[in-house]
Amino acid sequence: MAGIDKMIRQIEDDTKSVCDEILSSARAKADKIEADAKLEADKITAEGKKKSAAHVADIEVRGESSAELEERRVALYTKQRIIQEMLNKGLQVAKDLPDDEYFALILKMIEKNSQEQDGVIFFGKKDIDRLPENFTDKINSVSKGKLTLSGKAAAIDAGFILSYGGIEENCSFDAIFKSEADNLSDRAGKLLF
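Computed from a predicted structure; not experimentally measured. In every chain, residue numbers begin from 1 and rise along the written sequence. Note on the predicted model: pLDDT of at least 70 is required for a residue's local features to be given, and 80 or more for side-chain atom pairs to be given and counted; whole-chain, interface and lining totals, by contrast, use all residues. Processing note: side-chain calculations cover all non-hydrogen atoms of the structure and skip hydrogens and water entirely.

Caption draft 1: Local environment of the packing of aromatic side chains. The pairing test for Phe, Tyr and Trp rings, Trp by its six-membered ring, is centres within 6.5 Å, and the orientation test on the planes gives stacked under 30 degrees, edge-to-face over 60, and tilted for anything in between. This model, assessed by the stated rule, comprises five aromatic pairs. Aromatic rings pair up to connect Tyr102, Phe103, Phe123, Phe135, Phe160 and Phe173 into one cluster. By definition, being over a ring means that NZ of Lys or CZ of Arg is both within 6 Å of the ring centre and within 35 degrees of the ring normal. Directly above the aromatic system of tyrosine 102 lies the positively charged group of arginine 130, at a separation of 4.2 Å from the ring centroid.

Caption draft 2: Highlighting the sheet that holds strand β3 (residues 159-164). With mixed pairing, the four strands of this open sheet are ordered in space as β2-β1-β3-β4. Taken across any chain shown, the strands that pair with only one partner, and hence form the sheet edges, are β2 (147-149) and β4 (167-172). Going from strand to strand, the sheet's axes swing by 25° on average, the running direction of each strand aside. In this scheme, strands are said to pair when DSSP sees at least two bridges between them. Secondary structure follows DSSP: runs of H or I at least 4 residues long count as helices, runs of E at least 2 residues long count as strands, and numbering of each begins at the N terminus. Two strands pair when backbone bridges link them, and strand β1 (residues 119-123) and β2 are joined in this way by three bridges, in the parallel orientation. Counted as the bridge partner of isoleucine 121 is leucine 149 from β2. Here a residue-residue contact requires only that any non-hydrogen atoms of the pair lie within 4.5 Å. For helices, the axis comes from a line fit to the C-alpha atoms of the stretch in contact; other axes are also lines fit to C-alpha atoms, and the angle between any two N-to-C directions lies between 0 and 180 degrees. This element, helix α2 (residues 99-113), spans β1, β2, β3 and β4 of the sheet and lies at about 30° to β3. Lying over the sheet, helix α4 (residues 135-142) contacts β1 and β2, oriented at roughly 160° with respect to β2.

Caption draft 3: Main features of the nonpolar core. Among buried residues, the Ala, Val, Leu, Ile, Met, Phe, Trp, Tyr and Cys ones that are joined through side-chain atoms within 4.5 Å form a nonpolar core. Three labels apply to residues, based on accessible area from a 1.4 Å probe with only protein chains included: buried if under 20% of the type maximum, exposed if over 50%, partly exposed otherwise in between. Formed by 20 residues in total, the largest nonpolar core has its most connected members in Ile106, Ile121, Ile139, Phe160 and Phe173. Counting residues per element, the ones that place at least two in this core are α1 (2-95), α2, β1, α4 and β3. If one sorts the elements of this core by residue count, α2 sits on top with six residues. Sequence-distant contacts of isoleucine 106, that is, excluding residues within four places in its chain, are made with Phe123, Phe135, Gly159, Phe160 and Phe173.

Caption draft 4: Here's a closer look at the side chain of serine 114. With respect to the helices and strands, serine 114 occurs in the loop between α2 and β1. On the basis of relative accessible area, serine 114 is assigned to the buried category, the value being 4%. The term polar contact refers here to a pair of N or O atoms within 3.5 Å; inside protein, the definition further demands a hydrogen-donor-capable atom paired with an acceptor-capable atom, and it admits residues adjacent in sequence only when both atoms are side-chain atoms. Looking at serine 114, its side chain comes within polar contact range of the main-chain nitrogen of lysine 144, at 3.0 Å. When near neighbours in sequence (up to four residues on either side) are disregarded, serine 114 contacts Val142, Ser143, Lys144, Leu162 and Tyr164.

Caption draft 5: Summary view of the pattern of salt bridges. By convention in these notes, a salt bridge is any Lys or Arg side-chain nitrogen within 4 Å of a carboxyl oxygen on Asp or Glu. Summed over all chains, the structure comprises eight salt bridges. In this structure, the salt-bridge partner of aspartate 58 is arginine 62, at a minimum N-O distance of 3.0 Å. Residue aspartate 58 and its partner arginine 62 are located together in helix α1, separated by four residues, close to a single helical turn. Arginine 62 sits in the partly exposed class, given a relative accessible area of 48%. Note that arginine 73 is salt-bridged to glutamate 70, the shortest N-O span being 2.6 Å. Taken as a pair, arginine 73 and glutamate 70 lie in helix α1 at a separation of three residues, close to a single helical turn. Using a relative accessible area of 49% as the deciding quantity, one classes arginine 73 as partly exposed. When salt bridges with common partners are traced through the structure, they connect Lys95, Asp157 and Asp174 into a single cluster.

Listed below in structure tokens is the structure:
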């Protein structure tokens, strides 16, 4: 029986040797798969970090650009608001001039805006009530044509309306400031900024 025991032991040793080789080969393959997987994971992680950094940089650039645009928009709005307030104050100053300065300005405006034909001039109620004596004579001394003072008050605050054969030219301060708004805004902007 000793021979059988020897054979069994030989088979067991051979089996153990084959099993050890298979196990060793499997461990080597598993280590290789694990190493390859780690390399692939590191590569994917690096690419993800690179893409993430690029995305973050893009977001930062867009954020800065957006912030700069908003800053310029706010600055422009503020400048426009300041200019509009300045123009409104200028209009009010013109309307509130002392009578002698106010009507001297009216005469200059008549000289500039009158036509070489007869017409009618309309003032607002406030101006009619405070017209200087002989103002019609002064009007006609600067007018290019003869102007007759209308008995009706115009629906204006300050300034006048000229009427020539049914065609009216609105020379009220509000109309002049409105028609010259862009030009006045440009001038005010150059002075202020």
